[in-house]
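Commentary on secondary and tertiary structure
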Amino acid sequence: MAQGWESLRKDGIHDPRGPAVKDKQEPAEALSKLTPDTAGNMVRWVQALEKGEINPRASIRPGTKIQVYDSDVLLNVQGGMPIVRFPHRQHTEWLDCSNCHDHLFKAQAGANKLSMLAILEGEQCGVCHGAVSFPLTECFRCHSVPRPGQSLNTVPKTLPGGSIPPRSR
Amino acid sequence: MMPWRAGILLLLAWLAVLPLPAAAEYADVVLNRRAEAQGVRPVVFQHWFHRIRFRCKVCHAELGFKMRVGANDITMADIIDGRFCGACHNGDIAWAPDKCDMCHSGKRGLPTGIVGGHETGGPGRW
């Protein structure tokens, strides 16, 4: 699965005798032009968007309110794995607040009981990660902040000492 | 609180129950609640193709598609009336619903589900 993109004819879900396999676009044709990744669609979607390689529409109806929220939240401040940095900006470029708040997460730092097991079972972050967004095998893309020995939940733009913890790899 | 080695074990246990990797593209969706029973091929919806053109919020907020495979009760009548896929496949934003075979392109016998995701692979929703 790790290499490239299977052709529609051989992907196991399209009927190879139907007309669509001729008419539809092959994934390789579109996806090979975007910033590469090592998992999922093999596209680093956040970067493809940021670099302007793609420009997906944010609404199709006039008057829809589009909101982007720029705030990082640190999760799992107590555990043994590196801390999880949840970035709102990258998420809200793609998603609406209502996709997460409040049915998946209360909009209050530290107010949610999150667990890796629930995530692996397709709940919480796992609603999207492991289904459509980059898969759960990419541990350190979420567990991206080595423990700096502080317990703030919302990351200030600059941490004390002037260092910004690294983003995901 | 769990040491991270336990996490790796958890992952291995999880991977062990994954079926052989499917060749279909990550996040491809098969919709077959009624299609095949009504004599047409199952529908294949591809996230990668659509997310190049639309952000998630268009479908999953503006148009109200629930984020769970099989949770949206989509009928052909809905689509022709401009709901679900028909909000775009209306001859305006995208081609009209008369191109049956473009959507009804799946192999017969496939159940509704998402490829490469927990719906088919993980322990969450057997």
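Residues numbered from 1 in each chain as written. Chains lettered and ligands numbered in written order. Predicted model: local features only at pLDDT ≥ 70, side-chain atom pairs only at ≥ 80, totals over all residues. Heavy atoms only, no water.

A tally of helices and strands in chain B yields six helices and three strands. Secondary structure elements of chain B, listed N to C terminal, follow the sequence α-β-β-α-α-α-α-β-α. Out of the 126 residues in chain B, the part that is buried amounts to 40%. In chain B, once contacts between residues fewer than 6 apart in sequence are set aside, the share between residues at least 24 apart is 59%. (Helix = DSSP H or I, 4+ residues; strand = E, 2+ residues; numbered from the N terminus. Buried < 20%, exposed > 50% of the residue type's maximum accessible area, 1.4 Å probe, protein only. Contact = heavy atoms within 4.5 Å.)

Before going further, it helps to spend a moment on the environment of A:Cys97. Structurally, A:Cys97 is set in the loop between helix H4 (88-94) and helix H5 (116-120). The spacing of A:Cys97 and A:Leu75 is 22 residues in sequence and 18 Å in space, taken between C-alpha atoms.

Before going further, it helps to examine the side chain of A:Thr35. Within the fold, A:Thr35 resides in the loop between helix H2 (27-31) and helix H3 (45-50). A distance of 2.8 Å separates the side chain of A:Thr35 from the side chain of A:Lys51, its partner in a polar contact. (Polar contact = N/O pair within 3.5 Å; in protein donor to acceptor, adjacent residues only side chain to side chain.)

All right, on to empty space enclosed by the protein then. Where empty space is left in the structure can be found by rolling a water-sized probe over the atoms. On inspection of all chains with the given rule, the structure shows one cavity of 30 Å³ or more. Every residue along the wall of the largest cavity is listed here: A:Asp37, A:Ala39, A:Gly40, A:Asn41, A:Met42, A:Val43, A:Trp45, A:Val132, A:Ser133, A:Phe134, B:Tyr26 and B:Arg51. A class-by-class count of the residues in the lining of the largest cavity yields seven nonpolar, three polar and two charged. (1 Å grid on protein atoms, 1.4 Å probe; cavity = no way out; pocket = protein on both sides within 12 Å on 5 of 7 lines; lining within 4 Å. Points joined across faces, edges and corners; volume = space filled by probe spheres on them. Nonpolar A, V, L, I, M, F, W, Y, C, P; charged D, E, K, R; others polar.)

So, about the interface of chain A and chain B. Accessible area lost during the coming together of the parts is what is often quoted as the interface size. Each partner contributes residues to the interface: chain A has 65 residues there, and chain B has 51 residues. The tally of links from chain A across to chain B stands at two salt bridges. In this structure, A:Glu93 and B:Arg55 form a salt bridge, with 3.1 Å as the shortest nitrogen-oxygen distance. Linking chain A with chain B are 21 residue pairs in polar contact (both at pLDDT 80 or more). Mapped onto the side of chain A that touches chain B, the elements with two or more residues apiece are helix H1 (20-23), H2, H3, H4 and H5 of chain A. Looking at side-chain class alone, the side of chain A that touches chain B contains 30 nonpolar, 22 polar and 13 charged residues. (Salt bridge = Lys/Arg side-chain N within 4 Å of Asp/Glu carboxyl O.)

This part is about the sheet that holds strand S2 (residues 43-46) of chain B. As a general point, the strands of a sheet are linked pairwise by backbone hydrogen bonds and lie either parallel or antiparallel. Residue and element names in this part refer to chain B. If you trace the three strands from one edge of the open sheet to the other, you get S2-S1-S3, paired in antiparallel fashion. Edge positions in the open sheet fall to S2 and strand S3 (113-114), since each of these has one partner strand only. Relative to S3, strand S1 (residues 28-31) is paired through two bridges, and the arrangement is antiparallel. Bridged to valine 29 within S3 is isoleucine 114. (Pairing = 2+ DSSP bridges.)

All names here are of chain A. If you check the domain split of chain A, you get domain 1 (1-33) and domain 2 (37-162). With five residues of domain 1 at the contact, the number on the domain 2 side is five residues. Summed over both partners, the interface of domain 1 with domain 2 comes to about 360 Å²; 63% of that surface belongs to carbon and sulfur atoms. The interface formed by domain 1 and domain 2 contains zero salt bridges. Our enumeration of links across domain 1 and domain 2 arrives at one residue pair in polar contact (both at pLDDT 80 or more). In the side of domain 1 that touches domain 2, the residues fall into three nonpolar, one polar and one charged. (Domains from an automatic or database assignment. Buried area = accessible area lost by both parts, 1.4 Å probe.)

Let's shift gears to the environment of B:Gly91. All names here are of chain B. With respect to the element layout, glycine 91 can be found in the loop between helix H4 (76-80) and helix H5 (100-103). When its relative accessible area of 54% is taken as the criterion, glycine 91 is described as exposed. Through-space distance from the C-alpha of glycine 91 to that of isoleucine 79 is 12 Å; in sequence the pair is twelve residues apart.

With that settled, the discussion passes to the packing of aromatic side chains. If you walk through the whole model with that rule in mind, you get three aromatic pairs over all chains. Seen in terms of ring centroids, A:Trp45 and A:Trp94 are 6.3 Å apart; in terms of plane orientation they differ by 90°. Their pairing is edge-to-face. Here A:Trp45, found in helix H3, pairs with A:Trp94, found in helix H4; they are 49 residues apart in sequence, far enough to count as distant. As far as the burial class goes, A:Trp45 and A:Trp94 line up, both buried. When the ring centre of B:Phe49 is taken as reference, the NZ or CZ atom of B:Arg53 above it lies at 3.7 Å. (Phe/Tyr/Trp six-rings, centres within 6.5 Å; stacked < 30°, edge-to-face > 60°. Lys NZ or Arg CZ within 6 Å of the ring centre and 35° of its normal.)

Further remarks concern the nonpolar core. Judged by nonpolar contacts, A:Ala30, A:Leu31, A:Leu34, A:Val43, A:Trp45, A:Ala48, A:Leu49, A:Ile54, A:Trp94, A:Leu95, B:Trp48 and B:Ile52 together constitute the single largest core of twelve residues. Of all the secondary structure elements, the ones that give two or more residues to this core are H2 and H3 of chain A. If you tally residues by element for this core, the top one is H3(A), at three residues. Beyond its immediate chain neighbours, meaning those up to four positions away, A:Ile54 contacts A:Leu34, A:Trp45, A:Ala48, A:Leu49, A:Trp94, B:Arg51 and B:Ile52. Judged by nonpolar contacts, the second largest core, of eleven residues, contains B:Val58, B:Cys59, B:Leu63 and B:Ile79. (Core = buried A, V, L, I, M, F, W, Y, C linked by side-chain atoms within 4.5 Å.)

This part is about the pattern of salt bridges. Under the defined criterion, the tally for this structure stands at twelve salt bridges over all chains. The salt bridge involving A:Arg141 is made with A:Asp37; its shortest N-O contact spans 2.8 Å. Taken together, the residues span a long stretch of sequence, with A:Arg141 in helix H6 (residues 139-142) and A:Asp37 in the loop between H2 and H3 at a distance of 104 residues. What emerges from the salt-bridge pattern is a single network uniting A:Asp15, A:Arg17, B:Arg41 and B:Asp101.

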